[in-house]
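Survey of secondary and tertiary structure
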Amino acid sequence: MASSVRNGVAAIFAFIIPLIAARTSRRRTHMLCLLIGGLGLLSLKFIGNPDLIMLSMAMVGVAWASILSMPYAILAGSLPANKMGYFMGVFNFFIVIPQIVAATILGWATMHLFQGNTLNTIALGGVSMIVAGVFTLWVKDNDDVHPSVHVENSPGYDTPTATVPRT
């Protein structure tokens, strides 16, 4: 049931993320979503009422919606169009490798560092998500739209700045 709440919130919130990003920035939007998700994971350690778990999972759903979209949008705004596929492939290493490391060591860490208490491992995930959210502010996003700056006829990252007539 909790995963259904998380997935449902993520599906709905995915439509809201662009609206928030248009008013703030992609980096700040992603930071906000990661902070909400991190607090959602951390709250699981302190919740006594099982009904409140759904609220925690809804918060994680907000982060999940952002995790599936915003890093790619931020990266795409900083890449040359002719190298987009290559760099997106390399970027996927930075997703897969931490997953492999987590799968390899978190079981051991839960048993030996947290004495088998999985809620401590989940809290570690929440803290990590909050730290990642703060670090998002240091990411350079060349193509981000800032609401305070309005430029007429500004080309997007995939729009050529000069055209050569075809012959």
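Here's a quick rundown of the structure. As the structure is a computational prediction, the values presented were derived from the model and not from experiment.

Attention now moves to the overall build of the protein chain. For the protein chain, the count of helices and strands is seven helices and zero strands. From first element to last, N terminus to C terminus, the protein chain shows the α and β order α-α-α-α-α-α-α. For the protein chain, the share of sequence-separated contacts (at least 6 apart) that also reach a separation of at least 24 residues comes to 71%. Carbon and sulfur atoms form 69% of the exposed surface of the protein chain, whose accessible area is close to 11000 Å².

By size, the foremost hydrophobic cluster in this structure holds eight residues: Ala10, Phe13, Ile17, Ala21, Cys33, Val62, Ala65 and Met70. Counting residues per element, the ones that place at least two in this core are helix 1 (2-13), helix 2 (17-23) and helix 4 (53-67). Leaving out residues up to four positions away in the same chain, phenylalanine 13 has contacts with Ile20, Cys33, Val62 and Ala65. In this structure, Leu41, Leu44, Met57 and Ala63 belong to the second largest nonpolar core, which totals seven residues.

Moving on to the packing of aromatic side chains. Under the defined criterion, the tally for this structure stands at three aromatic pairs. Residues tyrosine 86 and phenylalanine 87 carry aromatic rings whose centres are separated by 5.2 Å and whose planes lie at 75 degrees to one another, so their mutual orientation is edge-to-face. Relative accessible area serves as the criterion here: at 33%, phenylalanine 87 is assigned to the partly exposed category. Both rings, one in phenylalanine 135 and one in tryptophan 138, keep their centres 6.0 Å apart while their planes meet at 65 degrees; by these two values the pair is edge-to-face.

Before going further, it helps to examine the environment of leucine 119. Among the structural elements, leucine 119 can be located in helix 7 (residues 118-135). Note on leucine 119: relative accessible area 34%, which makes it partly exposed. Sequence separation of leucine 119 and leucine 42 is 77 residues, and the distance between their C-alpha atoms is 8.7 Å. Residues within four places of leucine 119 in sequence aside, it is in contact with Leu44 and Lys45.

The rules behind the values
- Residues numbered from 1 in each chain as written.
- Predicted model: local features only at pLDDT ≥ 70, side-chain atom pairs only at ≥ 80, totals over all residues.
- Heavy atoms only, no water.
- Helix = DSSP H or I, 4+ residues; strand = E, 2+ residues; numbered from the N terminus.
- Contact = heavy atoms within 4.5 Å.
- Areas by Shrake-Rupley, 256 points an atom, 1.4 Å probe, with all protein chains shown as cover.
- Core = buried A, V, L, I, M, F, W, Y, C linked by side-chain atoms within 4.5 Å.
- Buried < 20%, exposed > 50% of the residue type's maximum accessible area, 1.4 Å probe, protein only.
- Phe/Tyr/Trp six-rings, centres within 6.5 Å; stacked < 30°, edge-to-face > 60°.

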